[in-house]
Amino acid sequence: MATAGTASIDLFVDRPRQPGSAFPLNRKTMQTSAATVHERPAFLGSTKQLLIGGQWVPAASGEAFDTFNPADGTVIGRLARGGPVDIDRAVAAARAAFEGPWSRWKPIERQRLLLRINDLLLAHAEELAVLETMDMGAPLSRTRSTVQWISQTILHFASCTGAATTTTSSHSLPGEVMALTHKTPLGVVGGIIPWNGPLGGQWWILGPTLATGCTCVLKPAEDASLSVLRFAEIMAQAGVPDGVMNIVTGYGSEAGSALAAHPGVDKISFTGSTETGRKIVAASAGNLKRLQLELGGKSPDIVFADADLDIAVPGAAMGVFSNSGQICYSGTRLFVQRRVQEEFVERLRHFSAGLKVGNGLQPDVDLGPLISARQLDRVMGYVKIGSEEGAVLAAGGARLGNELANGYFVEPTVFSDVANTMAIAREEIFGPVISVIPFDTVDEVLKMANDSEFGLAGGVWTRDLSTAHRVSQGIRSGTVWVNCYGMVDPTVGFGGCKASGYGWKGSTEHVESFLQRKAVYINLN
Ligand code: NDP
């Protein structure tokens, strides 16, 4: 990697560069030099194997499949096609590691391990960011920020390694009885993650696994596994014991479903679509696994007429366009108070037109491609449906051609005059598509905001404190942002309700969910 300039830092979770914005709006703050040259990461090339018990091994079937760069459709690697037999082997390795010397590691040893991983992460930051960009398309500004966010997340989990405690409780039992409560690591955790940010997404599993002394088997998405595999090499270098982290690449219907159903797995942590989430709930019933599910969303983002539109327009826009709309919590139902709707949509159109769409390795690119041809078809299908349903296409709506024709690029798209009943307002599109829905009153907008099967996130833009409070309380979701959108801090956490899933990610609650409680009553008489 030859970098002529200094890379700027834009937090993965879209912490605002400017108040309320999820996006580096001031191009002067972007220090990425136009002369930045990206060499093909050395990691690309050979067929990537499965990581089982500390060994890189081929799939039992011997099969592998291609993985593509969504910016130009080229094959950038081959991944072993793991299946049920490989999941069996990986779960056995994770169980053996869980019951082996790893179980006797002291909290400070696990903490030191996490800190070593953090050091190596930062030493390999640029390589990992480039790999993630090539693998799933997000602009380098975002994948570089991902690395910074991971570092913050690792430090959070490093501070939680003492969570497995034994405490004595006061009680009202007769006689001399001592009551102890032990919290011990839960066991083997299965992690199934999507393609929209695997480098960071895996840390919602790795962090609590390593903090508590659990072990894990990860099944990354077939469309984006490379950064996870490279990071596993780095983790081994940091001293993660064999079998503590295992990776089985492959298809969801093969490796994923086998992991979800496996009787040797104690918990599944899943991020992905609601439809697959439902299958995982069913598959987990066999051994009554614990589940943590972060599923789809159709989050309401509500702009009141008194909002500072200089902040609300870019903030709400990037609350959808970040990562080309491929974020579970995107504020895709953009409710705008009717008396500013016209001005807001005009400003939104202007803002969208100023965004640069292109290969994420190029400097100053704001939006990269969608992940795959399948996702492109899905998004373009919804654009067509929106027009057919009678929404007004106010901006974008087209696939990009010319030098971008081989990739999966879509213009930032804005529909106005959308009704909350339309398919584009009800279904998760997972692309850069905003549906602007007008409203008049707080009661009306809250009713529409909550009229959705999802409950992941929401936003409100207003200068009025009581409106902000009332609306943030009234939106039924796991997270609400006020005068900003998309911040997630690992010490605070993130989660959903309704069809967006359950189980909190981040904070000490997340760590607790990787622990098992046991009460011991000792009769001292
Ligand atoms: P999925 O939910 O199908 O995929 C997420 C992960 O689950 C992947 O690793 C996938 O493997 C795996 N998987 C798929 N089927 C099963 C199964 N039966 N059992 C266990 N694991 C399984 O999402 P898609 O990638 O298919 O995307 C489809 C839509 O889902 C998107 O358009 C978007 O709307 C939504 N989505 C939402 C995400 C979110 O963060 N909320 C993330 C990703 C998608 P594989 O990659 O092989 O399919």
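Our structure is the block above this text.
Summarised in this report is the structure supplied together with it. These numbers come from a predicted model, not from an experiment. (Residues numbered from 1 in each chain as written. Predicted model: local features only at pLDDT ≥ 70, side-chain atom pairs only at ≥ 80, totals over all residues. Heavy atoms only, no water.)

Here's the deal with the layout of surface pockets
How we decide: Buried and open spaces are told apart on a 1 Å grid over the protein atoms alone, a cavity being a set of points where a 1.4 Å probe fits but cannot get out and a pocket being an open set with protein on both sides within 12 Å along at least five of seven lines. Residues with an atom within 4 Å of a point are the lining residues. Grid points are joined across faces, edges and corners, and a volume is the space filled by probe spheres set on the points. For helices the rule is a DSSP run of H or I covering at least 4 residues; for strands it is a run of E covering at least 2, with both sets numbered from the N terminus onward. All amino acids are sorted into three groups, where Ala, Val, Leu, Ile, Met, Phe, Trp, Tyr, Cys and Pro are nonpolar, Asp, Glu, Lys and Arg are charged, and the leftover types, Gly among them, are polar.
Estimates place the volume of the largest pocket at around 1,100 Å³. Around the largest pocket sit 38 residues that line it, and Phe270, Gly272, Ser273, Thr276 and Arg374 are the ones nearest its centre. Counting residues per element, the ones that place at least two in the lining of the largest pocket are helix H8 (252-261), strand S10 (267-271), helix H9 (274-283) and helix H12 (373-389). Residue composition of the lining of the largest pocket, grouped by class: 14 nonpolar, 12 polar and 12 charged. What lines the second largest pocket is Phe65, Asp66, Thr67, Phe68, Pro70, Glu222, Asp223, Tyr251, Ile371, Ser372, Ala373 and Tyr408. Tallied by class, the residues present in the lining of the second largest pocket amount to 7 nonpolar, 2 polar and 3 charged.

Some words on H8
In an α-helix, one turn spans 3.6 residues; hence positions three or four apart end up facing the same way. Heads up, the condition is: Type-normalised accessible area, obtained with a 1.4 Å probe on protein chains alone, sets the label of each residue: buried when under 20%, exposed when over 50%, and partly exposed for intermediate values. In this description, contact between two residues means that some pair of their heavy atoms is separated by no more than 4.5 Å.
Listing the buried residues of H8 in full gives Ala255, Gly256, Ala258, Leu259 and Ala260. Tucked into the core, H8 has its buried residues touching helix H1 (84-99), strand S7 (188-192), strand S8 (215-219), S10 and H9.

A closer look at the sheet that holds strand S22 (residues 515-523)
Formally: Any two strands between which DSSP finds at least two bridges are classified as paired. Axes here refer to lines fitted to C-alpha atoms; in helices the fit is confined to the stretch in contact. Angles between the N-to-C directions go from 0 to 180 degrees.
Read across the open sheet, the 3 strands follow the order S5-S6-S22; overall the sheet is antiparallel. Since the sheet does not close on itself, it has two edges, and those belong to strand S5 (166-169) and S22, each with one partner. This sheet shows a mean twist of 25 degrees between the axes of neighbouring strands, independent of strand direction.

Examining the state of the cysteines
So the rule is basically this: Count a disulfide wherever a pair of cysteine sulfur atoms falls within 2.5 Å.
The tally for this structure, following the rule as stated, stands at 0 disulfides. The thiol of cysteine 484 is unpaired, and the distance to the nearest cysteine sulfur, on cysteine 328, comes to 16 Å. Of all cysteine sulfurs in the structure, the one in cysteine 328 sits closest to cysteine 497, which takes part in no disulfide; the separation is 13 Å.

Brief notes about the pairing of S10
Keep this limit in mind: Look down the strands so they point away from you; if going from the first strand over the helix to the second traces a clockwise path, that crossover is right-handed.
With 5 of 5 residues buried, S10 is to be regarded as a mostly interior element. Here S10 shows no split at all, with Lys267, Ser269 and Thr271 on one side and Ile268 and Phe270 on the other all buried. Of the pairings in the sheet, the one linking S7 to S10 comprises 4 bridges and is parallel in character. When the bridges of S10 are listed, isoleucine 192 appears paired with phenylalanine 270. Across 5 bridges, the pairing between S10 and strand S11 (residues 290-294) is parallel. Counted as the bridge partner of serine 269 is glutamine 292 from S11. Since S10 and S11 lie parallel, the crossover through H9 that links them has a hand, and here it is right-handed.

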